[in-house]
Amino acid sequence: MAKKLLLIDGNSVAFRAFFALHNQLDRFVNADGLHTNAIYGFNTMLDHMIKAVEPTDMLVAFDAGKTTFRTAMFDNYKGGRAKTPSEFSEQMPYIEQLLDAYGIQHYKLKDYEADDIIGTLAGQADAAGYTTTVVTGDRDLTQLTTDHTTVAVTVKGVSEVERYTPAHVQEKLGITATQIIDMKGLTGDTSDNYPGVTKVGEKTALKLLKQYGSVEGVYENVADMKQSKMKEHLIEDHDLAVRAKVLATIKRDAPITVGLADLAYAGPNIDQLAEFYQTMDFQSFLKKLKVNNAEPVAPIDYTVLTKENLPELAQFKTAVEFYLEMPTANYHTSAFAGFAIGHAGKWYISRDVELLLQPAVAEMLASDTIKKNVFDMKRTIVGLNRLGLSLGTVDFDLLLVSYLLDTNDNSNDLGNLAEQHGYTELPTDEEVYGKGVKRAIPDDDKLFFSHLARKLAAIAALHAELMQKLDENEQTPLYDDIEKPMARVLAQMEIAGITVDSGTLQAMGSQFKERLSEIEQKIYQEAGQEFNINSPKQLGKILFEDMKLPVIKKTKTGYSTAVDVLEKLAPEAPIVANILQYRQISKIQSTYVVGLLDAIHSSDQKVHTRYLQTLTQTGRLSSVDPNLQNIPVRLEEGRKIRQAFVPSHAGWQIFSSDYSQIELRVLAHITHDANLQAAFKEGDDIHAATAMRIFNLKSPEEVTPNIRRQAKAVNFGIVYGISDYGLSQNIGITRKQAKAFIDAYFKEYPGVKQYMTDIVKQAHEQGYVETISHRRRYLPDIHAKSFNQRSFAERTAMNTPIQGSAADIIKIAMIKMQAKLKAAGLKATMLLQVHDELIFEAPKEEISTLEKLVPSVMDSAVKLEVPLKVESHFGDTWYDAK
DNA sequence: CCAGTCACG
DNA sequence: ACGTACGTGACTGGC
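Residues numbered from 1 in each chain as written. Chains lettered and ligands numbered in written order. Predicted model: local features only at pLDDT ≥ 70, side-chain atom pairs only at ≥ 80, totals over all residues. Heavy atoms only, no water.

- Within an unreviewed UniProt entry, the label attached to chain A reads DNA polymerase I, and the organism entered is Lactiplantibacillus brownii.
- Here chain A is described in UniProt, under the heading Subunit (unreviewed entry), as follows: "Single-chain monomer with multiple functions." (UniProt positions renumbered as here; feature names shortened; annotations may be inferred.)

This is the structure in structure tokens:
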């Protein structure tokens, strides 16, 4: 049998695992007080790689200690590194225990690093005809890539890896694997603390290597290079480059005392592993171990509900768990598969949803004194509504609470979510119902009913614990006063739906169809051949190979044909303008004409979107099936789609109100910046005000449209967590100019600058950031070693409180709005939310009332240090409400 | 099922 | 030196 070898860089992967689960450091502690996050993450990676590779042989290599032959030759090698956290070091011996239980060889060698052990064994394995996979968190090991050795570098967390093959290295860097060593030779390595040639970074190094092949090649030719700073640096730093290359080179001949023959992997010792998991308190791994050994979760008792035993439900007086099973995601149309009601370990189950209509059940559901504990109350409300039923007071919604505790736990599967909270007695829907085309509700009553009973049991088991966590996080008001009422408001909006006139869409569709075929013909003519314009691959070939247009940008897979690229090319060839036109219309046609027509319910001529309340990382909503939050508006062509959105009654109109500059107002509020606040209090045009400040203009007349546009981009940039490069790309200026703009901005708005510094610091110390309503977002990457990942987390830290607080504000406004409409006895109905905008339909007579009421509710939703401003519009269609 | 593209705030 | 704007969803082509 073909030999498949899996080599793992133990220290590096463990370290990755440690930081991947760093924000949950407190959760991963066993009964002995030992931190276990790195052990847990390491195990996850191990399972994942064993499954992916199916190795016949395995070894995990560890570093032996601080001193190696590399420190002997350069005593500052890996110097200046932050001290290894003790929470991490204490876990290492247990990772070795884990490997023993798994029956996996592990090895360390004095004076050598794990890399060298791996390099040596991988070399031997290549020679012996093995297929080898190396797993590491360290990109340096990609130099080991060969035709038979793949290097898998962990990218995010521990179970996602990027696989380096010779082709991938070539594609990504444009050099061979062994040239990676030369690259390090030229650039040095800051994380290992050795320098290369001054001012030579990856870009320069790649250029040099493509021309001269290696460090030696570079120096053979250095004399002939034309005079430049780089040449001087190269000559100056020759010794450094030579040393860096040696330091970067992984040994292929380390004096190891294990050989390929010692590495056979035969699978874990189940008993030993179970005992280890027990000590570590790894419930989910224990469960998996049992599942893999065909031992199912513990059987569960339940009662099949019938008309006869219905009276027994009366024993539940104060609270019930309730679950309504709808097998497909879209609960507006899904079938009903069954339901479950219960309390304190007594579970009543039925497939027959008609039973819910029995007064005993219907009243219990509608009751406000018998509190309901559920998973996804919005889904439940909409489902019950289709049966003519209502859902009274909800106490605990496992989905909502999990989302508030950690926005990353946004799985829509109860089993999955329960497991994330350490509850392992509930399989996932996928495990019970299957996936893809095979997904189906089981015919077997026992299987299906047990699953529903277990769902209730999971809700019950997690109730108290999660509510307490919510409280500890000071998030109870966020849950009680915002998210729970929000779910009801959203349910009502989804149920109401918005009427879409299919005639209007169809008429637009046939027009677009004609125009598309005209443009298509022109494009074929200009290209001299027919091809699929919608295929970026084919289009790229036509433009950049056949027509030889200049390549502006590349993607991972080929030439980029994105708008910004095509716009630059437009002057070069008339075909480009036609392609842009084609793209624009074909987008409108496929997504908004055809897509929207497909989404209209034939029963009422309406579209009923679903708002996902537990998805975004910031607290915003998202909208699916169809997405009504991205209906075109910027270009007139697409904006016309809005003419198809009409009121559901004759004599009604569409009314819309939106917050003006809500994110910048939130910024002014949370930064307390006096200058920014003054601008809003004066009612200034904020972009013009920013322009006057950062460009040092004396009078408003000096603010030209172009200057205002640039200032607007700066304002946006600030909200997004600014970088000079991002700003320069956005408005087409040099990075230097962009930096000058940003510096000027921070000088004029010192409060904003202070906030940006403070919030990043806070994210570092706490591991998360918060909105004005204590909505929380964890940012594990804030500790990442990679500049890229860390920078991203820092920008997120700056942006999330702003975007998230704006989301909080409009949610509060929506809840108040709904109540006001009801209290005032208005027929007006709230239909849509588009992040900073609310859309209603209302009888014409109510419009003048709404013009006062809606803005007053919205601008008083919360009290900020600056006023909130709201603008309203109305008309016969959504298009006309402008 | 992923990548590219493009629609929105 | 690093390589970027923040948050989403739908459609298409191509593996």
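### Quick notes on the packing of aromatic side chains
Part 1 of the argument: Within this structure, the stated rule accounts for 23 aromatic pairs.
Part 2 of the argument: With 4.8 Å between their ring centres and 50° between their planes, F28 and Y40 make a pair best called tilted. Residue F28 is located in the loop between α1 (10-20) and α2 (37-53), and its partner Y40 is located in helix α2; the two are separated by twelve residues in the primary sequence. Each member of the pair, F28 as well as Y40, carries the same accessibility label: buried.
Part 3 of the argument: Plain terms: the ring middles of Y768 and Y778 are 5.5 Å apart, the flat faces sit at 65° to each other, and that makes the pair edge-to-face. One end of the pair, Y768, is in strand β21 (residues 768-770); the other, Y778, is in strand β22 (residues 776-778), with ten residues separating them in the sequence. Pair check on accessibility: Y768 and Y778 agree, each one buried.
Part 4 of the argument: Each residue in the set F28, Y40, F276, Y277, F282 and F285 is aromatic and connected to the rest through ring pairs, giving one cluster.
Part 5 of the argument: In this structure, R642 packs its charged tip against the face of W878, placed 4.2 Å from the ring centre. (Phe/Tyr/Trp six-rings, centres within 6.5 Å; stacked < 30°, edge-to-face > 60°. Helix = DSSP H or I, 4+ residues; strand = E, 2+ residues; numbered from the N terminus. Buried < 20%, exposed > 50% of the residue type's maximum accessible area, 1.4 Å probe, protein only. Lys NZ or Arg CZ within 6 Å of the ring centre and 35° of its normal.)

### Concerning the environment of H35
Part 1 of the argument: Checked against the element boundaries, H35 lands in the loop between α1 and α2.
Part 2 of the argument: Ignoring sequence-local partners within four residues, the contact set of H35 consists of L25, F28, V29, E87, E90 and Q91. (Contact = heavy atoms within 4.5 Å.)

### Observations regarding the domain arrangement of chain A
Part 1 of the argument: For chain A, the assigned domains are domain 1 (1-176 + 259-290), domain 2 (178-250), domain 3 (303-472), domain 4 (502-604) and domain 5 (663-803).
Part 2 of the argument: Averaged C-alpha coordinates put domain 3 and domain 5 at centres separated by 44 Å.
Part 3 of the argument: Residue-level contacts link six residues of domain 3 with four residues of domain 5.
Part 4 of the argument: Counting the surface lost from both domain 3 and domain 5, the interface buries some 380 Å², and carbon and sulfur atoms represent 42% of this.
Part 5 of the argument: Where domain 3 packs against domain 5, one counts zero salt bridges.
Part 6 of the argument: Inspection of the domain 3/domain 5 interface yields zero residue pairs in polar contact (both at pLDDT 80 or more).
Part 7 of the argument: Of the residues in the side of domain 3 that touches domain 5, the class split is three nonpolar, two polar and one charged. (Domains from an automatic or database assignment. Buried area = accessible area lost by both parts, 1.4 Å probe. Salt bridge = Lys/Arg side-chain N within 4 Å of Asp/Glu carboxyl O. Polar contact = N/O pair within 3.5 Å; in protein donor to acceptor, adjacent residues only side chain to side chain. Nonpolar A, V, L, I, M, F, W, Y, C, P; charged D, E, K, R; others polar.)

### So, empty space enclosed by the protein
Part 1 of the argument: Counted by the stated rule, this structure contains one cavity of 30 Å³ or more.
Part 2 of the argument: When its volume is computed, the largest cavity comes out at roughly 70 Å³.
Part 3 of the argument: Contributing to the lining of the largest cavity are R70, Y77, K78, E113, D115, D138, D140, D192, Y194, L247, A248 and I250.
Part 4 of the argument: Here the residues of the lining of the largest cavity sort into five nonpolar, no polar and seven charged.
Part 5 of the argument: Each of two domains, domain 1 (1-176 + 259-290) and domain 2 (178-250), supplies a minimum of three residues to the lining of the largest cavity. (1 Å grid on protein atoms, 1.4 Å probe; cavity = no way out; pocket = protein on both sides within 12 Å on 5 of 7 lines; lining within 4 Å. Points joined across faces, edges and corners; volume = space filled by probe spheres on them.)

### Looking at the sheet that holds strand β20 (residues 652-660)
Part 1 of the argument: The antiparallel open sheet is built from four strands, whose spatial order is β23-β24-β20-β25. A single partner strand is all that each edge strand has here, and the edge strands are β23 (829-833) and β25 (869-875). In this sheet, adjacent strand axes meet at a mean angle of 25° when their direction is disregarded.
Part 2 of the argument: Lying over the sheet, helix α35 (residues 847-859) contacts β20, β24 (837-843) and β25, oriented at roughly 25° with respect to β20. (Pairing = 2+ DSSP bridges. Axes fitted to C-alpha atoms, helices over the stretch in contact; angles between N-to-C directions.)

### Some thoughts on the protein's contact with DNA strand C
Part 1 of the argument: Taken together, 40 residues sit near DNA strand C, with S535, S622, Y725, F787 and F792 positioned nearest.
Part 2 of the argument: When atoms of DNA strand C within 4 Å of the protein are split into backbone and base, the sugar-phosphate part holds 62%.
Part 3 of the argument: At 3.2 Å from a phosphate oxygen of DNA strand C is found a side-chain nitrogen or oxygen belonging to Q538.
Part 4 of the argument: One of the side-chain N or O atoms of R777 is found 2.8 Å from a phosphate oxygen in DNA strand C.
Part 5 of the argument: Of all the secondary structure elements, the ones that give two or more residues to the surface near DNA strand C are α9 (202-212), α23 (536-546), α25 (574-599), β18 (622-624), α30 (705-720), α31 (724-731) and α34 (787-823).
Part 6 of the argument: Among the elements that line the surface near DNA strand C, the one with the most residues is α34, at seven residues.
Part 7 of the argument: Split by residue class, the surface near DNA strand C holds nine nonpolar, 21 polar and ten charged. (Near = heavy atom within 4 Å.)

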